[in-house]
Structure formats: structure tokens, C-alpha cells
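What the coordinates show
So you can see what is in the structure, the chains are spelled out below.
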Amino acid sequence: MDQNAAGKTFAPYEFRVERGKIREFADAIGDPNPVYRDPEAAKKAGFPGIPAPPTLLRTFLYETPDSKNALGVKDWSYIVHGEQEFEYLAPVVAGDVLTAQDRIVSVTEKESRRAGKLQIGVIETRFVNQRGETVQIARRTLVETGQRISE
Amino acid sequence: MASFDSLKIGDQPAPLVCGPLTRTDFVRYAGASHDFNPNHHDEVYAKAGGNKAVFGMGMLAGGYCARQLTDWLGVSALKRLRIRFASRFWPGDVLTCTAKVTGKRADGGQRLIDCEFSAVDQNGEVIIRGDATAAL
């Protein structure tokens, strides 16, 4: 990983949170909750629209490759997703138009007895809705190991 | 759904059992999330890389744990969620998600519940673990 990547920010990108995608995502995690499918159920639960499940925004649907590329990883088969964090600041509902911006928070090195030298990159994505409210902050920790990841 | 007053430190929701998981479950999540890393759907590719089969996405296990938390605490309750990926899971595995209240506190007028959670496979191996904070 490129130690100089820390602090870099990337061009914002915009996307609409779609109702069909919310349902498809809820199906994929086996969640039968009607709030993800039925506008009336969502309204009864106090949402202004069909809400996004908590882990929806950390999917490959909603990202550009720029920040990952900037980490300067030579071989992605040496990379593991170590940790994923979300902060929830305001609801995200179907129809919202979100603007996301990535920033590389840090690139650090650590010695691990089991896996040798580890390089750890943290990418943060801030999601802002069409009213200018920051709705979520996602932080992804990627770990580059000294050896290929296998059993 | 649990209320702030009714929850005590150590309380746990009913375990959420997912599986036996199938390749179709992985492919469905690949489509929903656009995670098209071939290790998760292409058995030929996965085996050529030394894996015994395709394996599930960590965020799929994370989605199962988040689902347990929203069933327990409400869809709009989560303020923070952190998932740590510990091990991989495979077709045929059964993941059991559990969670536990670790703290109750008030912060800036919000009544907050802290909890820990994990998903383990049928052999007791931890696949993911994490922690979350919910406002109730």
C-alpha cells in the first residue's frame, strides 16, 4: 500500500437509493421485514419512506474504484476486508439522492506474529442526502498481508 | 421489540439461525450488493486459488447480524455498527447469530444501549464479531 495515500480525498459521486434494490438486498440477507417492501408498513414504523437496511450502503453498488486504486495495492489476492464500521446519523429512505465522498483516513503498518508485516488502510465514505444532511459515515479497513489468503 | 427500560445488561435476543447456506445464497447476495469477486460464485476460480469451494461474503454474515439487531431493537434504532471479519464460511455451513447487551447509558438526551454480537458456524468457529450502539 502507498503510505502517502493517507489524507487523499476523491471526487464526490451521486446515486439514488432505489426501492427495488432495498427489497432485493433484504431478500439477500433473508430479512422478511415488511418495512423494506410495503410503504404502509414503513409509514407505520415512523419512516418517511421505505428505509435502507443498515448494511446497504457498504456494497459495491455504491462506490467508485478511485479510493481503492489510490491505496496502490499490487495484488488484491493479498487483501482482506478486516473491519467495517457505520455511523448512522439520519434515516436513508427509498428515493433519496445521496452524494458520497471517499477519503483515505490512514495507511499504517503493523507486525503480526501469525501473518508477518501487515499494511492497514482505512477508507471513509460520507453520505450526504439531497437536503445536505450527512446521513451515514462508513469506514472500511483493508489489510494487506505478507502472504496470499488461503485456508 | 425491546424497550430501553426492559433491557438489562446481559440480555440476549433469540439466536438467529441462517442456513444451511447454499451457493445460491451467495449468488443472490452478489447480485444485490454487486460483489462479483469470483471467489464467492465461481467454484473453478476459487479452487484454482487453493480454496475448497466458493466462500461467503463477510458482509453477508454482517447483514445477518444486522438483521438480528433490527429485529430486536428496531430498524431505526442503530447509531453505530462495527463488524470485524474473523473467518470464512462455506456452502453447507449454518451460521448462528447472537447478541448481548453490554451497557446502558444516557448521552445528550439519548438513551443508548451498547451491545456485542457475533456469528459462529456449526463448529463454534467465530465468523464475524462486532459491536453496536442503539438509541431507544
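Read on for an overview of the structure.

Conventions and cut-offs
- Residues numbered from 1 in each chain as written.
- Chains lettered and ligands numbered in written order.
- Predicted model: local features only at pLDDT ≥ 70, side-chain atom pairs only at ≥ 80, totals over all residues.
- Helix = DSSP H or I, 4+ residues; strand = E, 2+ residues; numbered from the N terminus.
- Buried ≥ 20, exposed ≤ 12 C-beta atoms within 10 Å, placed from the backbone.
- Contact = placed C-beta atoms within 7 Å.
- Nonpolar A, V, L, I, M, F, W, Y, C, P; charged D, E, K, R; others polar.
- Pairing = 2+ DSSP bridges.
- Axes fitted to C-alpha atoms, helices over the stretch in contact; angles between N-to-C directions.

**Here we look at the overall build of chain A**
For chain A, the count of helices and strands is three helices and five strands. Put simply, chain A runs from its N terminus to its C terminus through helices and strands in the order β-α-α-α-β-β-β-β. Counting across all 151 residues of chain A, residues that qualify as buried make up 32%. Of the contacts made within chain A by residues no fewer than 6 positions apart, 73% connect residues no fewer than 24 positions apart.

**Let's talk about the interface of chain B and chain A**
In this complex, chain B contributes 30 residues to the contact, which on the side of chain A involves 33 residues. Counting residues per element, the ones that place at least two in the side of chain B that touches chain A are α1 (23-33), α3 (58-73) and β2 (78-85) of chain B. Among the elements that make up the side of chain B that touches chain A, the one with the highest residue count is α3(B) (nine residues). When its residues are assigned to classes, the side of chain B that touches chain A shows twelve nonpolar, ten polar and eight charged. Across five bridges, strand β2 (residues 79-88) of chain A lies against β2(B) in antiparallel orientation. Of the residues in β2(B), the one forming a bridge with A:E87 is B:R80.

**What about the sheet that holds strand β5 (residues 134-144) of chain A?**
With respect to topology, ten strands assemble into an open sheet ordered β1(A)-β3(A)-β4(A)-β5(A)-β2(A)-β2(B)-β5(B)-β4(B)-β3(B)-β1(B), the strand pairing being antiparallel. Each end of this open sheet is capped by a strand with a single partner; those strands are β1 (13-16) of chain A together with β1 (16-18) of chain B. Adjacent strand axes in the sheet meet at a mean angle of 20°, parallel and antiparallel pairs treated alike.

**Brief notes about the pairing of strand β4 (residues 110-120) of chain B**
Remember that side chains alternate between the two faces of the sheet whenever the strand is regular. All names here are of chain B. In the sheet, strand β3 (residues 95-107) pairs with β4 via eleven bridges, with the strands oriented antiparallel. Bridging across to β4, A99 finds its partner in F117. Counting the residues that bridge the hairpin from β3 to β4 gives two residues, and of these G108 lies at a positive phi of roughly 55°. For β4 and strand β5 (residues 126-135), the ladder comprises nine bridges, and the chain directions are antiparallel. The residue bridging A119 from the neighbouring strand is I128, located in β5. The hairpin turn running from β4 into β5, its antiparallel successor, is five residues long, and G124 in that turn takes a positive phi close to 85°.

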